[in-house]
Amino acid sequence: MPPVVFLLMLFGASCSLGQAMTREEKHRLRNQVVEMFDHAYQNYMDHAYPADELMPLTCRGRVRGLEPSRGDIDDALGKFSLTLIDTLDTLVLLNKTTEFEAAVRRVLSDVRLDNDIVVSVFETNIRVLGGLLGGHSMAVMLKDGGQHMQWYQDELLHMAKDLGVRLLPAFNTSSGLPYPRVNLKYGVRGPETRTGTETDTCTACAGTIILEFAALSRFTGDPVFEAHARRALDFLWEKRQRNSNLVGTTINIHSGEWVRRDSGVGAGIDSYYEYLLKAYILLGDDLFLQRFNIHYASIMKYISQPPLLLDVHIHKPLLPARTWMDSLLAFFPGLQVLKGDIRPAIETHEMLYQVTKKHNFLPEAFTTDFRVHWAQHPLRPEFAESTYFLYKATGDPYYLEAGRTILDNLNRFARVPCGFAAMKDVRTGSHEDRMDSFFLAEMFKYLFLLFAEAEDLPFDVEDYVFTTEAHLLPLSLSAAPHSSSVSSNRTVISKEELDDSNFDWTCPNTRLLFPDPAFPRNLREPIRSAVDKSCPRPAPYREPGMGRPPLRAQDFMANNPEHLELLRRMGVSLIHLKDGRVQLVQHATQAVSAVAAEDGVRFMQEMMELSSQQQKEQLPPRAIQIVSHPFFGRVVLTAGPAQFGTDLSKSSTGVRGFVTVAEPYSGCSEITNAEYVQGHIALLQRGQCMFAEKARHIQKAGAIGGIVIDDNDGSSSDTAPLFQMAGDGRNTDDITLPLLFLFHKEGNILLEALKEYREVEVLLSDKARDRAAIFKGKPLPGSLIEGSVDMQEAGEGCLTEATTPTSFEPTSQSQISTVELDESVSEEVTPSQDAASPEDEETSPAEEVSPPEEEASPTEAEADLAQPKEERDSDRREESEGDTDSSSQSVDELLADWREDLEAFQQMEKDEL
């Protein structure tokens, strides 16, 4: 069958919501996209190249092995100038031909692909191989134009084939599914090369190969690459669950057994579905479309609950697998546009847009009532991608306004002097020192295309298909010569499985879908209302059972000798942890009597329930924003809240003042430098007494607020759950000032700034404030980004909280519950692969305890609710928030880094002025 091409053929509708955007305004926004790209790209080239990625907060390159490991996320880094390769075809699309030619020469002269380093097969394929092929496609196109790249002799293609050969050893498995990692120099040889020991891979990791490998085969005439990619797809198709026609998230690469049986369209599976449809578009093989259509029918039957897309079990698809969604599913409305199914695309996109407007960015995961589940946002482009495709499909200027929102939020909240920084927490506006290569590869492509006119583009994008990394592969490859040996095993598909009446082979014209121009608006309005109204309160506290031990968990104080004696009699002992917390361990055999041991069991159960309840009632993290010279609001530190004192979420302005160090620094006795503390925000050190006691002392001295800095060297919000500071067991209504908590690393930044500048002014608030709001009524220190709009009012979005379930691990003969030393309650703010969903692990009924989200053995329960950081799986999807700074960093090194940051800030001030 000849190739049937229908990429981006959805035109003809004029579905408007209000006044159409003027051509001049679109032109201005297009130019703003280019300026933002220049800011990101030039800072990478100036401060990071030849490193793989830019660290925009510290203005340096991220080199694997020189920075603290972030876990699986670092498998994307191979010491091959990742960001430069990933950006090649973006340069051409944005009409930066001269820069493209220089970038290609740099790649050819500087980049090595034979490094002794283990990389993700998935990431290296979509980012590096895809980037080289996209760059080659652009170079050939420019050379054929006769003006540029006349010297080019397929050098990028030769590099792409070299890389493809280095990835091939990963496919040497009995199933044909690739190992998730490969050593670029030695392939897959076992433990000595740190490869070949894995047994599992994600569905997207194995199923997102066909576009790049088939393009490589068609470009070079070597069928081996396409053959391996087809074999992997064939195996995944054969292993689908035959009743539901769904695939799981993780599969054993040797046996083909599903390891994780939950199925959705987000992390772990997403681009598998994308590549089935796009393989049909690129290669013209209708087998891929048949398979996609069968999967799509099941997705719409089981997973799609408009506007939601919720994971289900592949064997019991009517049972939901989790109650939250991850941000990666934001690509799906765009894929539905390519499919021609516009209505659900509009509905899901609108839900995502409303969540974005509530939190400024899409959180990494959010619940079905649109609260934050995982608070990070690493500048993902999937929402922008779907926005572009929906605009192309409908012509509705509403999607131009959605694009404007994306631009404004990037400039207002993510832009820093050395690029754009990922958001560590969308609730507070705090940053993370990373700018992933996909930000340059994808985000700016889709935003530029959204606002550009046809004459602004150097080529016709409809002659290309976008890979999952937005690299451009020419549709002409469908007619390129290739061996018949690469064709897939033709699976016989029964008419019961594939009803042709439900699936057109070309996309419908939107004039037929939208006879009424108000139709898209009518779909969006109910969804907007549903998102706006969903801010439920936490569940009320539930009384424990009737059996009461002598000591109630809610009354326990770790510094009360009487309480400690009662615990000893019940067989409960205390273990002091390095970070200041206390772990409670019960050994029934050490109790003074059987009755006391029974009381100890009840106490531990109450402690678990109390800790779980406290998690539900936890406040979101707060923000400390440095607003004095030379920072002017651009540095935001994530801070832990207190359960007493001023509620910053109810303050429209926050509390603003200069900081000063209290004496004594512990704040545990009367303040001796009250004349300096009065009217200021006092800095205190954690330890030696209760948080509430510190607050009372500085309040008596006349302070307007307080910041407690952790005394545990090297602690950081990057690597530890935030604290929520509890009271001291007494009534705390007398405390009327705000008290916030900073870990050691963030506290050191504040202390070093104070040492350097003597006068440092900060703003304590519930989240980072827009500079226009901070300096309202005063001259701005440098102009705001053109086109930014007023910050949303605090009341527009509901306060959010992390809701990841707690995971418990059994140990023998003890029950364990971890609590703070009555100073604080550990707060969970980051995701964990291990605790992603209770359904991810199969447990026997005997192992499950109430509440259902928690798993515990009858002999042990963890109640500190601190969980490991989210891992970014090799599907780019499961993220690890490891250290970004060494915990053993010396003060001199910290100060050197800090001065480097300040110079960058000062330079930006000069540039803006």
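Residues numbered from 1 in each chain as written. Predicted model: local features only at pLDDT ≥ 70, side-chain atom pairs only at ≥ 80, totals over all residues. Heavy atoms only, no water.

1. Digging into the overall build of the protein
A count of helices and strands for the protein gives 24 helices and 32 strands. Expressed as a percentage of the 913 residues in the protein, the buried residues total 64%. Nonlocal contacts in the protein, meaning residues at least 24 apart in sequence, comprise 75% of its contacts between residues at least 6 apart. For the protein, the accessible area works out to roughly 33,500 Å², and carbon and sulfur atoms hold 50% of it. (Helix = DSSP H or I, 4+ residues; strand = E, 2+ residues; numbered from the N terminus. Buried < 20%, exposed > 50% of the residue type's maximum accessible area, 1.4 Å probe, protein only. Contact = heavy atoms within 4.5 Å. Areas by Shrake-Rupley, 256 points an atom, 1.4 Å probe, with all protein chains shown as cover.)

2. Looking at the nonpolar core
In terms of nonpolar packing, the biggest core is built from 174 residues, with Phe100, Met351, Leu410 and Phe420 touching the most fellow members. Counting residues in hydrophobic clusters, the runner-up holds 23 residues, among them Ile698, Ala720, Leu722 and Met725. (Core = buried A, V, L, I, M, F, W, Y, C linked by side-chain atoms within 4.5 Å.)

3. Quick look at the packing of aromatic side chains
What describes a pair of aromatic rings is the distance from one ring centre to the other and the angle between the planes of the rings. Under the counting rule described, the total for this entry stands at 27 aromatic pairs. When the centroid spacing of 4.8 Å and the interplanar angle of 50 degrees are considered together, the rings of Trp324 and Trp374 count as tilted. A residue pair is termed long-range when its members are at least 10 positions apart, and Trp324 in strand S12 (residues 324–326) and Trp374 in strand S14 (residues 372–374) qualify at 50 residues. Each member of the pair, Trp324 as well as Trp374, carries the same accessibility label: buried. Seen from their ring centres, Tyr388 and Phe389 are 5.3 Å apart, and the 50 degrees between their planes marks the pair as tilted. (Phe/Tyr/Trp six-rings, centres within 6.5 Å; stacked < 30°, edge-to-face > 60°.)

4. Some points on the sheet that holds strand S27 (residues 705–709)
Reading across the sheet, the seven strands line up as S24-S23-S30-S25-S26-S27-S29 and stay open at both edges, with mixed pairing between neighbours. Every interior strand has two partners, whereas the edge strands, strand S24 (635–639) and strand S29 (739–742), have only one. Direction aside, neighbouring strands of the sheet carry axes that sit 35 degrees apart on average. As defined by bridge partners, strand S23 (residues 622–626) adjoins strand S30 (residues 761–765) across four bridges and the pair is classed as antiparallel. If you follow Ala623 over to S30, its bridge partner there is Ser765. (Pairing = 2+ DSSP bridges. Axes fitted to C-alpha atoms, helices over the stretch in contact; angles between N-to-C directions.)

5. Regarding the pattern of salt bridges
Here the structure, examined in full by the defined rule, presents 47 salt bridges. With a shortest N-O distance of 2.8 Å, Asp89 and Lys445 are connected by a salt bridge. Highlighted residues: Asp89 in helix H2 (residues 82–93) and Lys445 in helix H15 (residues 437–451), separated in sequence by 356 residues. Linking Arg568 and Glu565 is a salt bridge whose minimum nitrogen-to-oxygen distance equals 2.7 Å. (Salt bridge = Lys/Arg side-chain N within 4 Å of Asp/Glu carboxyl O.)

6. Focus: helix H4 (residues 121–145)
Look at H4: 34 Å from first C-alpha to last across 25 residues, which is about the 36 Å you get at 1.5 Å a residue. Its maximal kink placed at Gly130, H4 deviates by approximately 30 degrees. Among the 25 residues in H4, 20 count as buried, and that is most of the element. (Expected span 1.5 Å × (residues − 1). Bend = angle between axes of the 7 residues up to and from the residue.)

7. Some thoughts on the state of the cysteines
Under the counting rule described, the total for this entry stands at three disulfides. Across the disulfide, Cys59 is cross-linked to Cys418 (sulfur-sulfur distance 2.0 Å). Across the S-S bond linking Cys59 and Cys418, the dihedral sits near 95 degrees, which makes this disulfide right-handed. With a gap of 359 residues between them, Cys59 in the loop between strand S1 (53–55) and strand S2 (60–62) and Cys418 in the loop between strand S15 (415–416) and strand S16 (419–420) connect regions that are remote in the sequence. Cys418 matches Cys59 in its accessibility class, with the two residues each being buried. Each sulfur in the disulfide pair Cys202 and Cys205 lies 2.0 Å from the other. Looking down the S-S bond of the Cys202 and Cys205 bridge, the torsion is 90 degrees, so its handedness is right-handed. Judged by its relative accessible area of 3%, Cys202 falls in the buried class. (Disulfide = S-S within 2.5 Å.)

8. Some thoughts on the packing of H4 against helix H5 (residues 155–167)
Packing of H4 against H5 leaves a shortest axis separation of 8 Å and a crossing angle of 160 degrees. Considering the angle they form, H4 stands roughly antiparallel to H5. The chirality of how H4 crosses H5 is left-handed. Contact residues: H4 offers Thr124, Asn125, Val128, Leu129, Leu132, Leu133, Gly135 and His136, while H5 offers Leu156, Leu157, Met159, Ala160, Leu163 and Leu167. Tallied by class, residues from the contact of H4 with H5 come to 10 nonpolar, four polar and no charged. (Parallel < 35°, antiparallel > 145°, perpendicular 65-115°, else oblique. Left-handed = near helix turned anticlockwise from the far one by under 90°. Nonpolar A, V, L, I, M, F, W, Y, C, P; charged D, E, K, R; others polar.)

9. Observations concerning the sheet that holds strand S6 (residues 250–252)
Backbone hydrogen bonds are what pair the strands of a sheet, in a parallel or an antiparallel way. Taken in spatial order, the three strands make up an open sheet running S5-S6-S7, and their pairing is antiparallel. One side of each edge strand has no neighbouring strand; the edge strands of this open sheet are strand S5 (200–202) and strand S7 (258–260). If you compare each strand with its neighbour and ignore which way they point, the axes differ by 35 degrees on average.

10. Here we look at the packing of helix H13 (residues 382–394) against H15
It is at 9 Å that the axes of H13 and H15 come closest, and there the two elements cross at 25 degrees. Judged by the inter-axis angle, H13 sits roughly parallel to H15. Handedness of the H13/H15 crossing: left-handed. Facing Ala384, Glu385, Thr387, Tyr388, Phe389 and Tyr391 of H13, the residues of H15 in contact are Met443, Tyr446, Leu447, Leu449 and Leu450. Tallied by class, residues from the contact of H13 with H15 come to nine nonpolar, one polar and one charged.

11. Considerations on the pairing of strand S25 (residues 655–661)
Note that S25 and S30 share four bridges and pair antiparallel. Across the sheet, residue Phe658 finds its bridge partner in S30, namely Glu761. Inspection of the sheet shows S25 paired to strand S26 (residues 681–685) by three bridges, in the parallel sense. Residue pairing for S26: Thr660 is matched across the bridge by Ala682.

12. With respect to the environment of Arg404
Within the secondary structure layout, Arg404 lies in helix H14 (residues 398–414). Along the chain, Arg404 and Arg30 lie 374 residues apart, while their C-alpha atoms are 10.0 Å from each other. Setting aside residues up to four positions removed in sequence, Arg404 forms contacts with Met21, Glu25, Arg28, Leu29 and Phe451. A polar side-chain atom of Arg404 sits 3.0 Å from a polar atom in the side chain of Glu401. (Polar contact = N/O pair within 3.5 Å; in protein donor to acceptor, adjacent residues only side chain to side chain.)

13. Section: the confidence of the model for the protein
Predicted confidence across the protein gives a mean pLDDT of 79, with 73% of residues reaching 70 or more. Every residue in residues 484–513 is under pLDDT 50, and counting partners more than four places away or in other chains gives 60 contacts. Across residues 782–891, where pLDDT falls below 50, the model places 364 contacts with residues more than four positions away in sequence or in other chains. (pLDDT = per-residue confidence, 0-100.)

14. Some words on unusual backbone geometry
A cis amide bond links Tyr49 with the next residue in sequence, Pro50, at an omega value of 10 degrees. Considering the arrangement of structural elements, one finds Pro50 in the loop between helix H1 (23–47) and S1. Note that the residue after Pro306, namely Pro307, is joined by a cis bond; omega there is 5 degrees. With respect to the helices, strands and loops of the structure, Pro307 is situated in the loop between strand S9 (304–305) and strand S10 (308–309). The backbone of Phe632 sits at a positive phi, close to 55 degrees, despite the residue not being glycine. For Phe632, the location among the structural elements is in the loop between S23 and S24. Under the relative-accessibility criterion, Phe632 is labelled buried at 13%. The phi torsion at Gln688 lies on the positive side, around 75 degrees, for a residue other than glycine. Relative to the elements of secondary structure, Gln688 occurs in the loop between S26 and helix H21 (691–700). A relative accessible area of 73% places Gln688 in the exposed class.

15. Examining the side chain of Arg769
Looking at where Arg769 falls in the secondary structure, it is placed in the loop between S30 and helix H23 (771–774). Engagement of the side chain of Arg769 in a polar contact is seen with the side chain of Asp766, the distance being 2.9 Å. Only 3.4 Å separates the side chain of Arg769 from the backbone oxygen of Lys767, close enough to count as a polar contact.

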